[in-house]
Amino acid sequence: MGVDLGLDLIVVGSANADLVVAVQRRPGAGETVLGSDTSVLPGGKGANTAVAAAKLGAKVALLGAVGADANGELLLDSLRAAGVDVSLVRRSDRPTGVAYIFVTPDGENSILVSPGANSALTEDDIDLADARVLVASLEVPVPTVEHAVSVAAERGVRPVVNISPMAELSPRTLAALDPVVVNEHEAAQLLGGEDVDPRGLLDLGARSAVVTLGARGALVIDANGTQRVESPQVEAVDTTGAGDAFTGALAARLAEGADLATAAQLAVKVAAVSVTRKGAQPSYPTADEIAG
């Protein structure tokens, strides 16, 4: 462990091929709905987060797994093109993960994930190198993420976890997170109801929290209180990967030493740009685009 890669961030997470179909409406139970031609795009919450951060200029590596197949090559090529270090991505004998994504005309999506190689990532694979910030999401095994957070806490690496998809984390893991990142629906699940105080996320043990609110921005919650960060208003084309764009931008700015509210201000801008373009990784802006 501890290879010197000169990193700002290390992302522990998934890499998936996104199979995207545009539909007029989502099918109901037992119903067939015709859609568009299928687009095959690079995705996965881990890979998306890494690409979003790298496009902003962060030095980032993805720690994950892909299969020895064409989808794996697609993902590795996309990661390299964005400037992500892929030396910690291992090849598995399982197929590369796939996300089946249905996008409706309002830009909203429904997603089914087949994890494949992502499920093969183990605690033995964890290497945080010399990173300042660890970022993780939960399309890889939860015990692997919890081990990564534990190692980060021991080594003074700031752990950020996006609890998506929803899964239960141990109190010890929650207590190390700075911040825990969730959307408003995930926050409601964690807190046991829709009309609850989001500051309850700190009562669960997290040091700080960020709740993303889609077009309404985000809430930043820490020991000093709760702050609303407004999002630029845009016309959404495809919301796929917007939460990952947010998390990647947030972590990139935290690695620069920014406070949480300042990091969230960049993150909402990056996420807002991403929803105006199709796909996940191809939609993420560069630092120059955000500055302009």
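Reading guide: rules and limits
- Residues numbered from 1 in each chain as written.
- Predicted model: local features only at pLDDT ≥ 70, side-chain atom pairs only at ≥ 80, totals over all residues.
- Heavy atoms only, no water.
- Helix = DSSP H or I, 4+ residues; strand = E, 2+ residues; numbered from the N terminus.
- Rg over C-alpha atoms; globule rule 2.2 N^0.38 Å.
- Buried < 20%, exposed > 50% of the residue type's maximum accessible area, 1.4 Å probe, protein only.
- Contact = heavy atoms within 4.5 Å.
- Expected span 1.5 Å × (residues − 1).
- Pairing = 2+ DSSP bridges.
- Axes fitted to C-alpha atoms, helices over the stretch in contact; angles between N-to-C directions.
- Patch = residues over 30% accessible without salt bridge, like charges linked within 9 Å, V, L, I, M, F, W, Y side chains within 5 Å.
- Areas by Shrake-Rupley, 256 points an atom, 1.4 Å probe, with all protein chains shown as cover.
- Salt bridge = Lys/Arg side-chain N within 4 Å of Asp/Glu carboxyl O.
- Polar contact = N/O pair within 3.5 Å; in protein donor to acceptor, adjacent residues only side chain to side chain.
- Core = buried A, V, L, I, M, F, W, Y, C linked by side-chain atoms within 4.5 Å.

(A) Geometry of the overall build of the chain. Counting its regular elements, the chain contains nine helices and 13 strands. Here the C-alpha radius of gyration of the chain, 18 Å, is about what a compact globule of 292 residues would show, namely 19 Å. Buried positions account for 53% of the 292 residues belonging to the chain. A separation threshold of at least 6 residues defines the contact pool for the chain, and within that pool the share at least 24 residues apart is 65%.

(B) Representation of helix α7 (residues 242-255). The first and last C-alpha atoms of α7 sit 20 Å apart over 14 residues, in line with the 20 Å expected at 1.5 Å per residue. Across the 14 residues of α7, 12 count as buried, placing the element largely inside the fold. Looking only at α7, the buried set comprises A242, D244, A245, F246, T247, G248, A249, L250, A251, A252, L254 and A255. Downstream of α7 by one or two residues, G257 has phi in the positive range, about 100°.

(C) View of the sheet that holds strand β9 (residues 158-162). The sheet built from nine strands is open, its strands ordered β5-β4-β1-β8-β9-β10-β11-β12-β13 with mixed pairing. One side of each edge strand has no neighbouring strand; the edge strands of this open sheet are β5 (89-92) and β13 (225-229). Put simply, the sheet's adjacent strands are angled 15° from each other on average, direction ignored. Where strand β1 (residues 9-12) and strand β4 (residues 60-67) come together, four bridges link them in parallel fashion. Residue pairing for β4: I10 is matched across the bridge by A61. Lying on the sheet, helix α5 (residues 184-191) is in contact with β9, β10 (180-183) and β11 (209-212); it crosses β10 at an angle near 110°.

(D) Fine view of the sheet that holds strand β2 (residues 16-22). Sheet architecture is open: four strands sit in the order β3-β2-β6-β7, paired in mixed fashion. The two strands at the open ends of the sheet, each matched to only one other strand, are β3 (39-43) and β7 (109-114). For this sheet the average axis-to-axis angle between neighbouring strands, irrespective of direction, equals 25°. Most of the contacts of helix α2 (residues 70-82) go to β3, to which it runs at about 55°, and overall it touches β2, β3 and β6 (97-103).

(E) Highlighting unusual backbone geometry. The omega angle of the peptide bond from S164 to P165 is -5°, so this bond is cis rather than trans. Cis peptide bonds are those with omega within 30 degrees of zero, and the linkage from D178 to P179 qualifies with 10°. If you trace the backbone, P179 turns up in the loop between α4 (171-176) and β10. Phi at A129 takes a positive value of approximately 50°, unusual for a residue other than glycine. The residue A129 is located in the loop between β7 and β8 (133-137) in this model. Judged by relative accessible area, which is 2%, A129 ranks as buried.

(F) Here's a closer look at a nonpolar patch on the surface. On the surface, Y100, F102 and L112 cluster together into a nonpolar patch covering about 280 Å² of accessible area. Tracing the sequence through the fold places Y100 in strand β6.

(G) Inspection of the side chain of T240 at higher detail. Within the fold, T240 resides in the loop between β13 and α7. Once residues within four sequence positions are removed from consideration, T240 is found in contact with D18, I101, V103, N109, G279 and A280.

(H) Seen up close, the environment of S36. Structurally, the position occupied by S36 is in the loop between β2 and β3. For S36, the side chain forms a polar contact with the main-chain nitrogen of A22, separated by 2.9 Å.

(I) Molecular detail of the nonpolar core. L9, L62, V84, F246 and L250 are the most contacted members of the largest nonpolar core, which totals 47 residues. Elements that contribute at least two residues to this core include exactly β1, α1 (45-55), β4, α2, β8, β12 (218-222), α7 and α8 (260-274). Other than its neighbours up to four places away in sequence, V84 contacts A50, V51, A54, V60, A61, L62 and L79. I10, L121, A131 and L213 belong to the second largest nonpolar core, which has 38 residues in total.

(J) Geometry of the pattern of salt bridges. Applying the stated criterion across every chain, the model contains 11 salt bridges. For K45, the salt bridge identified is with D244, shortest N-O distance 2.6 Å. Pair noted here: K45 is in helix α1 and D244 is in helix α7, with a separation of 199 residues, a long-range link. Classification of K45 by relative accessible area gives buried; the value is 13%. Since its relative accessible area comes to 4%, D244 is described here as buried. Put simply, D77 and R80 hold a salt bridge, and the shortest N to O gap is 3.5 Å. Separated by three residues within a single helix, D77 and R80 lie in helix α2, roughly one turn from each other. By relative accessible area, D77 is classed as partly exposed at 45%.

By themselves, these figures tell us nothing about what the structure is for.
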